[in-house]
Amino acid sequence: MKPSSKYFSQIKLFDNGSNRYSLPSDYEPVRPDFLDINHIYLAKGSISTPERKRFVERVCSLYPDVTITECLETPHNRINLNVTGELNLHQAGKKSLVFGELGNAVRFSEEKGNTCPNYWHFSPYGFCPYGCKYCYLAGTQGVKLSPTVKIFINLPEILAQVNDIANQFNKPTAFFLGKLQDALALDPLTAYSSKLIPFFAMHPIARMTLLTKSTNIDHLVRINHNGHTIFSWSVNPPEVCDIFEENVPSTEDRLQAMYRVAAAGYRVRGMLMPLIPIDGWEHIYSRFIEHLLTAVPLERLTIGGICIYSAARKIMEHKMELHNAISVNVESKTRQQGDGRVRYTEALRVNMYSLIIKTVRKIKPDLGLALCMEDQHIWLKLGLEDNIGRCNCVL
Ligand code: SF4
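This text gives an overview of the structure that appears in the document. Because the structure is predicted, anything quoted here is derived from the model rather than measured.

**What about the sheet that holds strand β4 (residues 106–108)?**
Working step 1: Spatial ordering of the open sheet is given by β4-β5-β9-β10-β11-β13-β14-β15, a layout of eight strands whose pairing is mixed. Single-partner strands in this sheet number two, and they are β4 and β15 (368–371). Averaged over all pairs of adjacent strands, the angle between strand axes in this sheet comes to 25 degrees, irrespective of strand direction.
Working step 2: Sheet analysis places strand β9 (residues 173–177) next to strand β10 (residues 206–212), joined by five bridges and oriented parallel. Its bridge partner being in β10, L177 is matched across the sheet by L210.
Working step 3: The strands that helix α8 (residues 251–263) touches are β11 (229–234) and β13 (267–272); relative to β11, the one it contacts most, it runs at about 165 degrees.

As structure tokens, this is what we get:
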């Protein structure tokens, strides 16, 4: 895909008025690739101030043929799409863009039953326009009931919350963007990165880590980030993406975006998850790792298998044949692990991780390697125990 053209010219972080932070205004919104909508909903709070109204109107003006419904008393997650059935709801959600506000947008994660360190994360967006069939987010309670693509308009308040929380700490602390959304997929519409990156660049404590599959990076290379923003891209070999991802930037385009962002001095990480044991996976993943490590100067690579709630698995199996390389390799539904997600058998996970670790060590012996959502004894088995807690979403 062609990266979007430049869509803002100047960074303006602070307003002189009573509000310290503001929505982006000095940019030209652009329709992002891969966002294919037929309905825009203006939910509660979306146009409650002149600043918000101006912002929303500019985005809506890009979609003259799309139905726009004002439901100003309805919270963003209570929009009725008037469809029945899980798959229909999921598909209608991907075609619906909602503007709303999110009160509790900065949260501390609550991972249990695996080694993931808990961390701060924040949500200026909800869910994502891409079409990964394995999407774990699709099966989480909030998204299952409200699978629309959301832009939360209260970015200034979110930044103020991050600031308040960060100021309670005395050492650099990461705030992760990408847990409940894609971090950059909607950036051509919002230019939120033009506020976020300078905010973190100037902050003494807060740092931003973010995860994306987007290639909307043209403008990022011109922002002074001060080393306080760390990008990570979710990648998989093209052979895997061809089967399990649709309506997503190609792997090669993602690698190019990673290279360009790294060339602009950002720290760049890779997230190779979920590994999927398609036919010939050994050769496919070895070759891909070689390509990835040659093409991009990664500072860290985090790997993981499938980690999926049963609702997400059901949606995946509606979208593709039941006999797919994930479904046939996960443990039976009754054998869920401590965090309630379904995974591949331990033997398969160790087998896949070992091959990738071996390949990485041959090419870049010093590259930081981590596992995502894994049990402690798997880290020990693979000799990675010293890296526990040095994974994708944290510093
Ligand atoms: S990019 Fe992430 S959130 Fe979006 S569909 Fe793919 S897996 Fe789901």
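Back to the text.
**Observations regarding the nonpolar core**
As a rule of thumb, soluble globular proteins bury nonpolar side chains together.
Working step 1: One finds F99, F175, L272, I276, L292 and L301 to be the most contacted residues of the largest nonpolar core, which totals 128 residues.
Working step 2: With residues near it in sequence (within four places) discarded, L292 still touches V235, L255, M258, L298 and L301.
Working step 3: Y41, A43, C71 and V98 belong to the second-largest nonpolar core, a separate cluster that totals six residues.

**Notes on the packing of aromatic side chains**
Working step 1: Applying the stated criterion across every chain, the model contains 13 aromatic pairs.
Working step 2: The interplanar angle of 75 degrees and the centroid separation of 5.6 Å between the aromatic rings of Y21 and F199 together place this pair among those described as edge-to-face. Of this pair, Y21 sits in the segment before β1 (39–42) while F199 sits in helix α6 (residues 193–202), placing them 178 residues apart in sequence. Taken individually, Y21 and F199 each receive the classification buried, so the pair is uniform in this respect.
Working step 3: Put simply, the rings of Y21, F122, F199 and F200 pair up and form one aromatic cluster.
Working step 4: The ring of F127 has K94 lying over it, and the distance from NZ or CZ to the ring centre is 4.0 Å.

Calculation rules
Residues numbered from 1 in each chain as written. Predicted model: local features only at pLDDT ≥ 70, side-chain atom pairs only at ≥ 80, totals over all residues. Heavy atoms only, no water. Pairing = 2+ DSSP bridges. Helix = DSSP H or I, 4+ residues; strand = E, 2+ residues; numbered from the N terminus. Axes fitted to C-alpha atoms, helices over the stretch in contact; angles between N-to-C directions. Contact = heavy atoms within 4.5 Å. Core = buried A, V, L, I, M, F, W, Y, C linked by side-chain atoms within 4.5 Å. Buried < 20%, exposed > 50% of the residue type's maximum accessible area, 1.4 Å probe, protein only. Phe/Tyr/Trp six-rings, centres within 6.5 Å; stacked < 30°, edge-to-face > 60°. Lys NZ or Arg CZ within 6 Å of the ring centre and 35° of its normal.

Such coordinate-based values are descriptive only and should not be taken to indicate function.
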